[in-house]
Amino acid sequence: MTDSSPIRILDSQILANDWGVLTKYTLDYQRRDGSRQQHTRETYDRGNGATVLLYNLERRTIVLIRQFRLPTYLNGIPDGMLIETPAGLLDNAAPEERIRAEIEEETGYHLHHVTKLFEAYMSPGSVTEKLYFFAAEYDSDTHRSEGGGLADEGEDIEVMEFGFDELLDMIRAGRILDAKTIMLVHYAALYLFPKR
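Fair warning: this is a prediction, and the values are worked out from it, not measured in the lab. (Residues numbered from 1 in each chain as written. Predicted model: local features only at pLDDT ≥ 70, side-chain atom pairs only at ≥ 80, totals over all residues. Heavy atoms only, no water.)

Now for the sheet that holds strand 1 (residues 7-17). Two pairing modes exist for strands in a sheet, parallel and antiparallel, and in both the strands are linked by backbone hydrogen bonds. Taking strand neighbours across the sheet as the criterion, the three strands line up as 1-2-3 in an open arrangement whose pairing is antiparallel. Each edge of the sheet is formed by a strand with only one pairing partner; in this case those strands are strand 1 and strand 3 (36-45). Taken pair by pair, the neighbouring strands of this sheet meet at an average axis angle of 20°, ignoring direction. In this sheet, strand 2 (residues 21-30) lies alongside strand 1 in antiparallel orientation, the contact comprising nine bridges. Paired with Q13 across the bridge in strand 2 is K24. (Pairing = 2+ DSSP bridges. Helix = DSSP H or I, 4+ residues; strand = E, 2+ residues; numbered from the N terminus. Axes fitted to C-alpha atoms, helices over the stretch in contact; angles between N-to-C directions.)

Shown next, in the form of structure tokens:
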């Protein structure tokens, strides 16, 4: 970086390096008026990920999963269980390849074709992760196993199928609290499922 760069990293310190890397940065930031200001920020890096909307147009259904999430438990959900779209970290794989593997591991559906919808940063104030969003149509012929995730990775996943209209009601009632799931169900409302 040159001296004219709007951002200069002055120092970095790794605070934790276990499931992800928590780093404290000291940086010099050039404000819009040209003045410079020093900031201290922490970022959490666990890699990029992918998620998918599994839908069936004919039956007007969506497959979701339910699993324990420690942060939701610590922030008010009594059992920590969250209903969400299948997702996973890329682990150096291409997003399309990784999400197909996650679909099969978590839900038991074996799908060859997934459609990329968009990319988004889910919590850019502190988390570096970029999420790749996909959609894929499933049917009974593509269901190969019970799913449930990988026990050796600590996964204990319940596979659930919902009617599309029921999911919209669940979002309105605050029973679906996962941002990626809310985004994908609303995508389905806009582009996949015609209004009745």
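Structure's up, so let's keep going.
For the rest of this paragraph, the subject is the UniProt feature "domain: Nudix hydrolase" (unreviewed entry) in the protein chain. When the UniProt feature table is mapped to this numbering, "domain: Nudix hydrolase" (unreviewed entry) covers residues 45-184. Between the C-alpha atoms that bound residues 45-184 the distance is 24 Å, and the span itself is 24% helix and 32% strand. (UniProt positions renumbered as here; feature names shortened; annotations may be inferred.)

Before going further, it helps to examine the UniProt feature "short sequence motif: Nudix box" (unreviewed entry) in the protein chain. UniProt annotation of "short sequence motif: Nudix box" (unreviewed entry) refers to residues 88-109 when read in the numbering used here. Spanning residues 88-109, this segment combines 59% helix with 9% strand, and its end C-alpha atoms are found 15 Å apart.

This part is about the packing of aromatic side chains. According to the stated counting rule, one finds seven aromatic pairs in the structure shown. Each ring, one from Y187 and one from Y191, has its centre 4.8 Å from the other, and the planes form 45°; the classification is tilted. Taken as a pair, Y187 and Y191 lie in helix 4 (residues 179-191) at a separation of four residues, close to a single helical turn. The class for Y191 is exposed, based on a relative accessible area of 58%. (Phe/Tyr/Trp six-rings, centres within 6.5 Å; stacked < 30°, edge-to-face > 60°. Buried < 20%, exposed > 50% of the residue type's maximum accessible area, 1.4 Å probe, protein only.)

This paragraph deals with the pattern of salt bridges. On inspection of all chains with the given rule, the structure shows 15 salt bridges. Across the salt bridge formed by D28 and R8, the nearest N and O atoms sit 3.4 Å from each other. Residue D28 is found in strand 2, and its partner R8 is found in strand 1; the two are separated by 20 residues along the sequence. Of the charged contacts, one joins D169 and R172 as a salt bridge, the two residues approaching to 2.7 Å between their closest N and O atoms. Here R172 and D169 lie together in helix 3 (residues 164-172), a separation of three residues that amounts to about one turn. Classification of D169 by relative accessible area gives partly exposed; the value is 43%. Assessed through its relative accessible area of 63%, R172 is described here as exposed. (Salt bridge = Lys/Arg side-chain N within 4 Å of Asp/Glu carboxyl O.)

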